[in-house]
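Next come the chains, spelled out residue by residue.
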Amino acid sequence: MGKNREDEDDAAESADPETLGASFANLSLNGVPLGSEPLWEARVREIAAWLPDETRREMASVFDRMAPGGQAPDISGFAAEHGLTPAETRLIESIAGGASVAEHAERQGISTNTARVHMQRVLEKTGARRQAELVRMILA
């Protein structure tokens with residue numbers, strides 16, 4: 001069964017740049033409310049105004065899914081709990097944000113093989129068998 005017109009209207013409304021800025025401001029990262037920095041909210045609105053509608057809808061979906069209660073996952077706490085290095089922590093931040101290992105490598109200016117080694121070490125340290133399981137652990 002597909003989306004009905006009302007669902008599409010709700011998605012379009014939640015993807016409005018003003019709404020995206022407000023949604024972003026209501027989140028917190030590692031216990032710090034993102035709304036405590038008005039510049040961040042304004043920057044999200046500014047960026048969202050230039051993005052295609054589909055991209056804004058995806059952003060709205062990500063903000064909605066980040067975690068229960070509008071809390072972004074505590075990546076640094078998760079990393080500390082599992083003894084991850086700074087490089088491994090940056091990798092799981094990228095993975096939790098939806099990037100692939102190759103995309104992360106490109107963004108960080110490292111080889112894909114190095115990023116794969118980091119991922120293997122993260123999986124070993126966390127006990128996860130696959131990346132999908134790792135993401136579920138991070139978002140839990």
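Scroll up to find the structure.
Here is what the cut-offs are and how they apply
Residues numbered from 1 in each chain as written. Predicted model: local features only at pLDDT ≥ 70, side-chain atom pairs only at ≥ 80, totals over all residues. Heavy atoms only, no water. Helix = DSSP H or I, 4+ residues; strand = E, 2+ residues; numbered from the N terminus. Buried < 20%, exposed > 50% of the residue type's maximum accessible area, 1.4 Å probe, protein only. Areas by Shrake-Rupley, 256 points an atom, 1.4 Å probe, with all protein chains shown as cover. Core = buried A, V, L, I, M, F, W, Y, C linked by side-chain atoms within 4.5 Å. Contact = heavy atoms within 4.5 Å. Salt bridge = Lys/Arg side-chain N within 4 Å of Asp/Glu carboxyl O. Axes fitted to C-alpha atoms, helices over the stretch in contact; angles between N-to-C directions. Parallel < 35°, antiparallel > 145°, perpendicular 65-115°, else oblique. Left-handed = near helix turned anticlockwise from the far one by under 90°. Nonpolar A, V, L, I, M, F, W, Y, C, P; charged D, E, K, R; others polar.

### Regarding the overall build of the protein
Right, so step 1: The number of helices and strands found in the protein is nine helices and two strands.
Right, so step 2: Going from N to C terminus, the protein has its helices and strands arranged as α-α-β-β-α-α-α-α-α-α-α.
Right, so step 3: When burial is assessed residue by residue, the protein has 32% of its 140 residues classed as buried.
Right, so step 4: Carbon and sulfur atoms make up 51% of the accessible area of the protein, which totals about 8900 Å².

### Some details on the nonpolar core
Right, so step 1: Counting residues in each nonpolar core, the largest one holds 16 residues, and the members touching the most others are F78, L84, I92, M119, L134 and I138.
Right, so step 2: Contributing elements (two or more residues each) for this core: α5 (75-82), α6 (86-96), α7 (101-108), α8 (112-126) and α9 (131-139).
Right, so step 3: Ranked by the residues each element gives to this core, the list is headed by α8, at four residues.
Right, so step 4: Those residues in contact with F78 that sit more than four places away from it in its chain are L84, I92, T126, L134, M137 and I138.

### A closer look at the environment of Q131
Right, so step 1: Following the sequence through the fold, Q131 ends up in helix α9.
Right, so step 2: Q131 gets classed as partly exposed once you look at its relative accessible area, which sits at 33%.
Right, so step 3: The sequence separation of Q131 and S100 amounts to 31 residues, and the corresponding C-alpha distance is 9.6 Å.
Right, so step 4: Excluding anything up to four places from it in sequence, Q131 contacts I95, V101, M119 and L123.

### Examining the pattern of salt bridges
Right, so step 1: Scanning all chains against the criterion turns up two salt bridges.
Right, so step 2: Between E88 and K125 there is a salt bridge, with its nearest N and O atoms 2.8 Å apart. A residue pair is termed long-range when its members are at least 10 positions apart, and E88 in helix α6 and K125 in helix α8 qualify at 37 residues.
Right, so step 3: Residue class for E88 comes out buried when judged on its relative accessible area of 2%.
Right, so step 4: On the basis of relative accessibility, which here comes to 35%, the residue K125 falls in the partly exposed class.

### Points about α6
Right, so step 1: Within the sequence span of α6, burial applies to A87, E88, T89, L91, I92, S94 and I95.
Right, so step 2: The secondary structure elements touched by the buried residues of α6 are α5, α7, α8 and α9.
Right, so step 3: Immediately beyond the C-terminal end of α6, within one or two residues, lies G98, with a positive phi of roughly 100°.

### Focus on the packing of α5 against α6
Right, so step 1: Orientation of α5 relative to α6, taken along the N-to-C sense of each, is 135°, at an axis distance of 10 Å. With respect to α6, the axis of α5 lies oblique. Between α5 and α6 the crossing geometry is right-handed. Side by side, α5 and α6 meet where I75, F78 and A79 of the first sit next to T89, I92, E93 and A96 of the second.
Right, so step 2: For the contact of α5 with α6, the residue count by class is five nonpolar, one polar and one charged.

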